[in-house]
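Residue-level structural notes
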Amino acid sequence: MAFTLAGIGLIFAGIGIAIDIFDPSYLLAIPQRIYGRSMTNYVLIAVPLFVFMGAMLQQSKVAEDLLESMGLLFGKLRGGLGISVSIVGALMAASTGIVGATVVTMGLLSLPTMLKRGYDPSLACGSIAAAGTLGQIIPPSIVLVLLGDVLSSAYQKAQLEQGNFSPDTVSVSDLFAGALIPGLVLVSMYIVYQAIVAWLKPETSPSIITDETSSLNKGELRSKILNSLIPPVFLIIAVLGSILGGVATPTEAAAVGAFGAVVLSWAYKTLKWKNFKASVFLTAKTTAMIMWLFVGSWTFASVFSYLGGHEVFEHFFKSMDLQPWQFLVITQIIIFILGWPLEWT
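Residues numbered from 1 in each chain as written. Predicted model: local features only at pLDDT ≥ 70, side-chain atom pairs only at ≥ 80, totals over all residues. Heavy atoms only, no water.

This paragraph deals with the overall build of the protein. Within the protein, the secondary structure is distributed over 15 helices and zero strands. Referenced to the eigenvectors of the C-alpha coordinate spread, the extents of the protein come out at roughly 80 × 45 × 40 Å. Expressed as a percentage of its 345 residues, the buried residues of the protein come to 40%. As displayed, the protein offers around 18700 Å² of accessible surface, 70% of which is attributable to carbon and sulfur atoms. Of the side chains in the protein, 18 bear a positive and 19 a negative charge, and the two mean positions are spaced by 14 Å. (Helix = DSSP H or I, 4+ residues; strand = E, 2+ residues; numbered from the N terminus. Buried < 20%, exposed > 50% of the residue type's maximum accessible area, 1.4 Å probe, protein only. Areas by Shrake-Rupley, 256 points an atom, 1.4 Å probe, with all protein chains shown as cover. Lys, Arg positive; Asp, Glu negative; His and termini not counted. Charge placed at Lys NZ, Arg CZ, Asp CG, Glu CD.)

Written as structure tokens, this is what we have:
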């Protein structure tokens, strides 16, 4: 995707040069713009830190304990295993902030069990895929960190055009606070949907009763659930609580989360050199991919802006004389359509 964006931008820049509507010297300014907007951006330091936090948690077997405990808690209910997947997906999203780690972990751990217990394959796969995507919206989301700088610049520019020369900024903390409630609502809708499906089509999501469930009394079951829930919940509170409470910036909270993930790995006795090395390599690869996405997107946006693309869209929407809610609906439809062929990375 990054190379496609950059390539398309350079191709159209070449076409513009050929027909004498694009100044070749403008291309020399693109690397400086990329360096100034991404490589020297303090907020973006949170990206590798959050990625490292998610990679370490993936190695620490936190998800395995959570799935096992939630399965014991909801297994007796119809659709209980699917509900457990949604809840664990939300907790992992709030702990890791990345989509790939959540989807892979949930798929490897829960899909074989769901299929073995008689779950409908489409419902099982859909539940895991839906739970995995919660990492895009539930803070600390890497997507929100990347959007923070873009939205802040766009908001300030819009305020200046309206005559407000001391505009407020839209920070990553604001995006985290704004995305928290929609993320929780989305999780609730997943759970309600699975409960309805289990009620209407009980054969697609049967209840699960295991020997381990029947052998545990209430005290042992409560202790097992708390022992698996407290560590990730404490990490979530430490990261999100410090950000939303204004105690720390997203970058500082990401550093706390990365350190907390290392501590959790030590507590779960999975802090080994092999796991640490794999987490560092995954962090480096993911961060490099994201930085290349910045290079491609800024190259495309720079050429698009120079050729007058922004003015064309601005005049187009202004000529439609839309109400704010109409413009919001149109933009959401456009984003929804573009979401099919374009993955967030």
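Now for the packing of aromatic side chains. Going through the model one piece at a time under the given rule, you end up with 10 aromatic pairs. Both rings, one in Phe304 and one in Phe313, keep their centres 6.0 Å apart while their planes meet at 45 degrees; by these two values the pair is tilted. Given a relative accessible area of 48%, Phe313 falls into the partly exposed group. (Phe/Tyr/Trp six-rings, centres within 6.5 Å; stacked < 30°, edge-to-face > 60°.)

The next subject is the environment of Pro140. Tracing the chain through its elements places Pro140 in the loop between helix H7 (121-132) and helix H8 (142-161). Judged by its relative accessible area of 0%, Pro140 is buried. Distance in space between the C-alpha atoms of Pro140 and Leu240 is 7.0 Å, their sequence separation being 100 residues.

For helix H13 (residues 273-306), which comprises 34 residues, the first-to-last C-alpha distance of 49 Å matches the rise-based estimate of 50 Å (1.5 Å per residue) to within 8%. Gly308 sits one or two residues past H13 and shows a positive phi near 90 degrees. (Expected span 1.5 Å × (residues − 1).)

Turning next to the packing of helix H3 (residues 46-59) against helix H12 (residues 250-267). Interaxial distance between H3 and H12 falls to 8 Å at its minimum, and their mutual angle equals 20 degrees. Taken together, the axis directions place H3 and H12 in an arrangement best described as roughly parallel. For the pair H3 and H12, the crossing hand works out as left-handed. Residues Ala46, Leu49, Phe50, Phe52, Met53, Met56 and Leu57 of H3 form the contact with H12, whose participating residues are Pro250, Thr251, Ala254, Ala255, Gly257, Ala258, Ala261, Val262, Leu264 and Ser265. Looking at the contact of H3 with H12 residue by residue, the class counts come to 14 nonpolar, three polar and no charged. (Axes fitted to C-alpha atoms, helices over the stretch in contact; angles between N-to-C directions. Parallel < 35°, antiparallel > 145°, perpendicular 65-115°, else oblique. Left-handed = near helix turned anticlockwise from the far one by under 90°. Contact = heavy atoms within 4.5 Å. Nonpolar A, V, L, I, M, F, W, Y, C, P; charged D, E, K, R; others polar.)

Within the secondary structure, Ile243 sits in helix H11 (residues 218-244). Overall, the relative accessible area of 4% leaves Ile243 in the buried class. Those residues in contact with Ile243, other than ones at most four positions away along the chain, are Ser173, Phe176, Ala248, Thr249, Pro250 and Ala253.

This next bit is on unusual backbone geometry. For Asp20, which is not glycine, the phi dihedral falls at a positive 65 degrees. By the element assignment, Asp20 lies in the loop between helix H1 (2-18) and helix H2 (29-39). Given a relative accessible area of 68%, Asp20 falls into the exposed group. Located in the positive-phi region is Lys269, a residue other than glycine, with phi close to 60 degrees. Inspection of the secondary structure puts Lys269 in the loop between H12 and H13.

With that settled, the discussion passes to the confidence of the model for the protein. On average, residues of the protein carry a pLDDT of 80, and 92% of them reach 70 or more. The least confident element of the protein is helix H10 (residues 211-215), whose mean pLDDT is 53; the most confident is helix H9 (residues 172-200), at 89. (pLDDT = per-residue confidence, 0-100.)

Quick look at the side chain of Thr283 now. If you trace the backbone, Thr283 turns up in helix H13. Residue class for Thr283 comes out buried when judged on its relative accessible area of 9%. Setting aside chain neighbours within four positions, we find Thr283 in contact with Pro48, Val51, Phe52 and Ala55.

Looking now at a nonpolar patch on the surface. Residues Ile8, Ile11, Phe12, Ile15, Ile19, Ile21, Phe300, Tyr306 and Leu307 make up a contiguous nonpolar surface patch of roughly 810 Å² in combined accessible area. Where the nonpolar patch is concerned, the elements lending two or more residues are H1 and H13. Looking at the nonpolar patch element by element, the count peaks at four residues for H1. As for its position among the elements, Ile15 is in helix H1. The exposure class of Ile15 is partly exposed, given its relative accessible area of 42%. (Patch = residues over 30% accessible without salt bridge, like charges linked within 9 Å, V, L, I, M, F, W, Y side chains within 5 Å. Salt bridge = Lys/Arg side-chain N within 4 Å of Asp/Glu carboxyl O.)

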